[in-house]
Amino acid sequence: IKKVMPIPKAHYGGRHTVTMLPGAGIGPELMGYVKEIIFPISLFQVFKYAGVPVDFEDVEIDPNADDNVDLDYAITSIRRNGVALKGNIETRSTEAGVLSRNVALRNELDLYVNVLHCVSYPGVNSRQKNIDIVIVRQNTEGEYSMLEHESVYGVIESMKVITNFNSERVARYAFEYAKRNGRKKVTTVHKANIMKLSDGLFLEISRRVAKDYPDIIHNDMIIDNCCMQLVSNPHQFDVVLTTNLYGAIVSNVVCGLLGGAGLLAGKNYGDHYTIFEPGTRNTGTSIAGKNIANPIAMLNAAVDMLRHLGHKHHATVIQNAINKTINQGIHTRDLGGTATSRDVVDNILKHIKIATA
Ligand code: NAI
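To keep things clear, this report deals only with the structure shown in the data block. In this text, all values refer to a predicted model and were calculated from it rather than measured experimentally. (Residues numbered from 1 in each chain as written. Predicted model: local features only at pLDDT ≥ 70, side-chain atom pairs only at ≥ 80, totals over all residues. Heavy atoms only, no water.)

**A short note on the nonpolar core**
Note the threshold: Put simply, a nonpolar core is a bunch of buried Ala, Val, Leu, Ile, Met, Phe, Trp, Tyr and Cys residues held in one set by side-chain atoms that sit within 4.5 Å of each other. Partly exposed describes any residue whose relative accessible area lies between the buried limit of under 20% and the exposed limit of over 50%, with all areas from a 1.4 Å probe on protein chains only and scaled to the type maximum. Numbering of helices and strands runs from the N terminus; a helix is a DSSP stretch of H or I covering at least four residues, while a strand is a stretch of E covering at least two. Residues count as neighbours in contact if any of their non-hydrogen atoms are within 4.5 Å of one another.
With 62 residues, the main nonpolar core has Phe56, Leu85 and Met305 as its most contacted residues. If you tally residues by element for this core, the top one is helix H9 (residues 296-309), at nine residues. Excluding residues within four positions of it along the chain, Met305 makes contact with Val18, Ile38, Val54, Phe56, Val83, Leu85 and Phe276. If you look at the next biggest cluster of nonpolar residues, it comprises 23 residues, including Tyr112, Val134, Ala174 and Val186.

Structure follows, in structure tokens:
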């Protein structure tokens, strides 16, 4: 695989600039919390460290716009800054011809891999305990190719595109990730028994790539069985390598086992750009503006972003404050608690203040 030089992250006067895409639903309020936590100095002058040297360039995308002006602006901004923090953008479900802005961003920026590290929080009362699974998902093709048409009246055809090139680079990413992080096993999840050509290619390439990593166990599993095994015996999984739609489903299954949509963050990588966002990519529209959304997934995405930019100290301070808050049982109602979003954020700020006093 050709090694591509990453484009440098925007870094002016010692500060990084990051594109912030608040998206819809709970996105804007969660971004407000991110800003409060990242720039504590502006709120409480008592903090010793002068906030994090990161500036946000806010970019709104109107999903109802008939043109792609907002989308093009967002893409230009991410190309300039290299890094983005993103809430989910609403997609009107049933109107043909309406482009999903989320998918378009990933495709245009060639963010070919999505990584979701699913680790249990001991302090969360979840359906399964001690889970540690990494889902590596192809992020730009497969069932998300958005190539659908009505060939004759009443007959819809939808193209699922699987390419040698993208299957190989996502497989290579999964095995390299496993090697770098001391993981023991990669499981390719597919439906090659039915989709023999498309999923067959994905599986065949993962088997070929696996040969270059003799120290890592490689097996495969059909998506149906995988969902059942994830619910009943998730501890058998280590790294899961899968196609785009199966990845979306499996990610949501594992998030559900761990405590729902409000906890985990996902990363979208390409050779040049990175987008950080909540792992399940929901908008949470029905709970927006009610002070009940769990802010943790978006805050974890912000922590991942800080690590990526090299602000390790700030990332660790915020991460520890998040973990302490969860372990103390300050939980929003999606986790069975009674705390508001504000209570959770205030408690995290309190721990940051103690850690940096
Ligand atoms: P949703 O936004 O209704 O969320 C699903 C459930 O999780 C709801 O019960 C919601 O209240 C809960 N939830 C989500 N975030 C939460 C948080 N932070 N704290 C507490 N509870 C939380 O999900 P739905 O209906 O699947 O998707 C809504 C929109 O998101 C649609 O427009 C859809 O197109 C878009 N979407 C896009 C995806 C993509 O990137 N391609 C993936 C998934 C959804």
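**A look at the packing of aromatic side chains**
The condition is simple: Each Phe, Tyr or Trp ring, with Trp reduced to its six-membered ring, pairs with another whose centre is within 6.5 Å; inter-plane angles below 30 degrees give stacked pairs, above 60 give edge-to-face pairs, and intermediate values give tilted ones.
Within this structure, the stated rule accounts for three aromatic pairs. When the ring of Phe175 is compared with that of Tyr213, the centres are 5.3 Å apart and the planes differ by 25 degrees; the resulting orientation is stacked. Of this pair, Phe175 sits in helix H5 (residues 164-180) while Tyr213 sits in the loop between helix H6 (198-210) and strand E10 (217-222), and the two are 38 residues apart along the sequence. Judged by relative accessible area, Phe175 falls into the buried class, the value being 0%. What links up through ring pairs into an aromatic cluster is the set Tyr173, Tyr177 and Tyr269.

**Things to note about the site of the ligand**
Put simply, the test is: Each residue is tested against the molecule or strand, and it is near if at least one of its non-hydrogen atoms lies within 4 Å. What qualifies as a polar contact is a pair of N or O atoms within 3.5 Å, subject to a donor-acceptor requirement within protein and to the restriction that residues adjacent in sequence count only when both atoms come from side chains. Per-residue and other accessible areas were derived by the Shrake-Rupley procedure at a 1.4 Å probe size, with only the shown protein chains allowed to occlude residues.
Around the ligand, a shell composed of 17 residues is seen, among which Asn88, Glu90, Thr91, Gly284 and Asn294 lie nearest. Within the contact set of the ligand, a nitrogen atom lies 3.0 Å away from a side-chain nitrogen or oxygen of Asn88. One of the backbone nitrogen or oxygen atoms of Asn294 is found 2.9 Å away from a nitrogen atom of the ligand. Look at the ligand: alone it shows 840 Å² of surface, and the protein chains cover 66% of it.

**Considerations on helix H10 (residues 312-327)**
Spelled out, the test is: To estimate the expected span of a helix, subtract one from its residue number and multiply by 1.5 Å.
The end-to-end C-alpha distance of H10, which contains 16 residues, comes to 22 Å, matching closely the 22 Å that a straight helix rising 1.5 Å per residue would cover. If you check which residues of H10 are buried, you get His314, Ala315, Val317, Ile318, Gln319, Ala321, Ile322, Thr325 and Ile326. Structurally, H10 contributes buried residues whose contacts are with helix H1 (27-38), H9 and helix H11 (341-356). Directly beyond the C-terminal end of H10, a positive phi value near 85 degrees is found at Gly329.

**Here's the deal with the environment of His311**
Counting through the fold element by element, His311 comes out in the loop between H9 and H10. When its relative accessible area of 11% is taken as the criterion, His311 is described as buried. On a C-alpha basis, the gap between His311 and Gly284 in space is 29 Å, while along the polypeptide they are 27 residues apart. Discounting chain neighbours no more than four positions away, the residues touching His311 are His16, Val52, Pro53, Val54 and Leu306. Within the local environment of His311, its side chain forms a polar contact with the side chain of His16, the two groups lying 2.9 Å apart.

**Side note on helix H4 (residues 101-108)**
One turn of the α-helix equals 3.6 residues, which is why residues spaced by three or four share an orientation. Most of H4 sits inside the fold, with six of its eight residues counted as buried. Within the sequence span of H4, burial applies to Arg101, Asn102, Val103, Ala104, Leu105 and Arg106. Along its buried surface, H4 packs onto strand E2 (15-21), helix H3 (69-81), strand E4 (83-86), strand E6 (132-138) and strand E12 (265-269). At the exit of H4 stands Asp110, carrying a positive phi of roughly 55 degrees.

**Notes on the state of the cysteines**
As a reminder, the rule being used: Cysteine sulfur atoms that come within 2.5 Å of each other are treated as a disulfide pair.
Going through the model one piece at a time under the given rule, you end up with zero disulfides. Free cysteine: Cys118, not disulfide-bonded; nearest cysteine sulfur from Cys255 at 5.3 Å. Its sulfur unpaired, Cys226 is 5.6 Å from the next cysteine sulfur, which belongs to Cys227.

**What about a negative patch on the surface?**
Rule in force here: Candidate patch residues must exceed 30% relative accessible area and have no salt bridge, after which like charges are joined if within 9 Å and Val, Leu, Ile, Met, Phe, Trp or Tyr side chains if within 5 Å. When a carboxyl oxygen of Asp or Glu is within 4 Å of a side-chain nitrogen of Lys or Arg, the pair counts as a salt bridge. Neither His nor the chain termini are counted; the positive set is Lys and Arg, and the negative set is Asp and Glu. For charged residues, the charge sits on one atom: NZ in Lys, CZ in Arg, CG in Asp, CD in Glu.
Taken together, Asp62, Asp66, Asp67, Asp72 and Glu108 make up a surface patch of like negative charges. When its relative accessible area of 45% is taken as the criterion, Asp72 is described as partly exposed.

**Comments concerning the side chain of Ser198**
Within the fold, Ser198 resides in helix H6. Here Ser198 is in contact with Lys160 and Ile162, once residues within four sequence places are set aside.

**Thoughts on the environment of Ile348**
Within the element layout of this structure, Ile348 appears in helix H11. With 116 residues separating them along the chain, Ile348 and Ser232 place their C-alpha atoms 34 Å apart. Those residues in contact with Ile348, other than ones at most four positions away along the chain, are Ile37, Ile296, Leu299, Ala321, Ile322 and Thr325.

**A look at the packing of H9 against H10**
Each pair of packed helices can be summarised by the angle the axes make with each other and by the distance between the axes. To be explicit about the condition: The convention used is that axes are lines fitted to C-alpha atoms, helices contributing only their stretch in contact, and that angles between N-to-C directions extend from 0 to 180 degrees. Angles below 35 degrees are treated as roughly parallel, those above 145 as roughly antiparallel, those between 65 and 115 as roughly perpendicular, and all remaining angles as oblique. If you view the pair so one helix is near and one far, a crossing is left-handed when the near helix is turned anticlockwise from the far one by less than a right angle, and right-handed when it is turned clockwise. Residues are grouped as follows: nonpolar covers Ala, Val, Leu, Ile, Met, Phe, Trp, Tyr, Cys and Pro; charged covers Asp, Glu, Lys and Arg; every other residue, Gly included, is treated as polar.
Relative orientation of the contacting elements H9 and H10 amounts to 160 degrees, with a least axis distance of 8 Å. Considering their axes alone, H9 and H10 lie roughly antiparallel with respect to each other. In this structure, the crossing between H9 and H10 has a hand that is left-handed. Residues Ile296, Leu299, Asn300, Val303, Leu306 and Arg307 of H9 form the contact with H10, whose own contacting residues are Lys312, His314, Ala315, Thr316, Ile318, Gln319, Ile322 and Ile326. Considering only residue class, the contact of H9 with H10 consists of eight nonpolar, four polar and two charged.

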